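Residue strings, one per chain:
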Amino acid sequence: MNGWIICNNGIMKRIFRWVPVVMSVIMAISCVKEITDSEIRKVDLTFSAYAVNDTKTILAEGNEVHWLPGDEIAVSGSEEPFVASVTEASSFTEFIGSAYEMSSYYAVYPYSLFRSWTEYGAQVEIPDVQKAVNGSFADDLNLSVAKTGREEMSLRFKNVSGYVKFTLPDSYDHIVHSVTIKTNADEPIAGVMDVDFSDENPVLSPTDNVSSSVELASSTSFEAGTYYISVIPGTYSDGLSICFKNVRNEEDVIYISGELTMSMGQIRNIGMISD
């Protein structure tokens, strides 16, 4: 009998030694979260987008704007761009791509100016060297943002950049090689900024990676005509300086003195540049 009792105690000790291990496995299993298919894979999505006068890519006659074939936007929940479905310039397009399913989506146009997503919007960049296009702005410089719900899937973009507009007379034809605009008090006019567009109107916050000047450049020389420079909106406390450099590196500077405020989507027309 004594032998049996000792053996039984040994068995009981082994059983109790395994109890914590079994309980930990049970607890681990009870903490497992079931996830749905949409949480681990992307789905095909289509967003509709209308071009309105305060948004978009090319500036046509009368400030009418159009989406172009190949236009790309950044969409939250995706690392790849969504691409416009149009085959010719149009005031309406659908953007097609794939992303994780979310209750709402943020979007940035153009994709090339998108840098990263933040909690309430995105980090974007207005370049400090821009391509000169006679009669318009470059088709990748009209920085705009939008948001939409999962049920709506319709994007109405709002500009978050401003523009300085000027016109070169015939006497300047093929003389100017570059144009540089600078804030006289060194406020940011180009570079990286955070855009909060969780509310109805976007809110801009320049980062430390900014510049107080931006250059409009041409591979050859400027023709006579009208040009636009995309800038970070804000209040420039001491105005702006615009430097025109000719093909011989000679400079002509125009000063716009006094406080100057540039709003999102605003075009500030400097007018005809005089001789």
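Residues numbered from 1 in each chain as written. Predicted model: local features only at pLDDT ≥ 70, side-chain atom pairs only at ≥ 80, totals over all residues. Heavy atoms only, no water.

1. Quick look at the overall build of the chain
Secondary structure assignment for the chain yields one helix and 24 strands. In the chain, which comprises 275 residues, the share counted as buried stands at 41%. For the chain, the computed accessible surface area is about 14,800 Å², with 51% contributed by carbon and sulfur atoms. (Helix = DSSP H or I, 4+ residues; strand = E, 2+ residues; numbered from the N terminus. Buried < 20%, exposed > 50% of the residue type's maximum accessible area, 1.4 Å probe, protein only. Areas by Shrake-Rupley, 256 points an atom, 1.4 Å probe, with all protein chains shown as cover.)

2. Things to note about the nonpolar core
Formed by 39 residues in total, the largest nonpolar core has its most connected members in V108, F166, L168, V179 and M193. In this structure, V179 is in contact with F166, V214, E215, L216, F222, I229, I242, C243 and F244, ignoring residues within four places of it in sequence. Counting 19 residues, the second-largest nonpolar core is a separate cluster that includes V43, V86, F95 and A146. (Core = buried A, V, L, I, M, F, W, Y, C linked by side-chain atoms within 4.5 Å. Contact = heavy atoms within 4.5 Å.)

3. Quick notes on the side chain of S230
Inspection of the secondary structure puts S230 in strand β19 (residues 225-231). Judged by relative accessible area, S230 falls into the buried class, the value being 1%. Side-chain polar atoms of S230 contact the backbone oxygen of L141, separated by 3.4 Å. The residues contacting S230, other than those within four sequence positions of it, are I126, Q130, L141, S161, G162, Y163 and V214. (Polar contact = N/O pair within 3.5 Å; in protein donor to acceptor, adjacent residues only side chain to side chain.)

4. Topic: the packing of aromatic side chains
Tallied over the full model, the rule gives 12 aromatic pairs. Where F47 meets Y105, the ring centres are 5.4 Å apart and the plane angle is 80°; that geometry is what we call edge-to-face. One end of the pair, F47, is in strand β1 (residues 43-50); the other, Y105, is in strand β7 (residues 104-109), and 58 residues separate them in sequence. Side by side, F47 and Y105 carry an identical accessibility label, which is buried. Seen from their ring centres, F166 and F244 are 5.6 Å apart, and the 80° between their planes marks the pair as edge-to-face. Taken together, the residues F166 in strand β14 (residues 162-168) and F244 in strand β21 (residues 240-246) connect sequence positions 78 residues apart. Judged by relative accessible area, F166 falls into the buried class, the value being 0%. (Phe/Tyr/Trp six-rings, centres within 6.5 Å; stacked < 30°, edge-to-face > 60°.)

5. Some remarks on the pattern of salt bridges
Following the criterion strictly, the structure yields six salt bridges and no others. Among the ionic pairs, E79 bridges to K42, the shortest N-O distance being 2.5 Å. Taken as a pair, E79 in the loop between β4 (72-75) and β5 (82-84) and K42 in the loop between α1 (2-30) and β1 lie far apart in primary sequence, 37 residues in all. (Salt bridge = Lys/Arg side-chain N within 4 Å of Asp/Glu carboxyl O.)

6. A short note on the confidence of the model for the chain
As a note on interpretation, predicted positions should not be read in detail where pLDDT is low. Averaged over the chain, the pLDDT score is 84; the fraction of residues at 70 or greater is 80%. Contacts of residues 24-30 to residues separated by more than four positions or lying in other chains number zero contacts, the stretch itself having pLDDT below 50. (pLDDT = per-residue confidence, 0-100.)

7. Focus: the environment of E88
Note on placement: E88 falls in the loop between β5 and β6 (92-99). Separated by 21 residues in the primary sequence, E88 and W67 place their C-alpha atoms 8.2 Å from one another. When neighbours within four sequence positions are excluded, E88 is seen to be in contact with W67 and P69.

8. What about the layout of surface pockets?
Empty space among the atoms becomes visible once a probe the size of a water molecule is rolled across them. Approximately 160 Å³ is the volume found for the largest pocket. Residue lining of the largest pocket: V145, A146, K147, E152, S154, R156, K158, F197, D199, E200 and P202, and that is the complete set. (1 Å grid on protein atoms, 1.4 Å probe; cavity = no way out; pocket = protein on both sides within 12 Å on 5 of 7 lines; lining within 4 Å. Points joined across faces, edges and corners; volume = space filled by probe spheres on them.)

9. Topic: the sheet that holds strand β17 (residues 203-211)
With antiparallel pairing, four strands are arranged side by side in an open sheet as β8-β9-β16-β17. In this open sheet, the two edge strands, each paired with only one partner strand, are β8 (114-118) and β17. Shown here is a sheet whose adjacent strand axes are inclined to one another by a mean of 25°, direction ignored. Here six bridges tie strand β16 (residues 190-196) to β17, and the two strands are oriented antiparallel to one another. Counterpart to G191 in the pairing with β17 is V210. (Pairing = 2+ DSSP bridges. Axes fitted to C-alpha atoms, helices over the stretch in contact; angles between N-to-C directions.)

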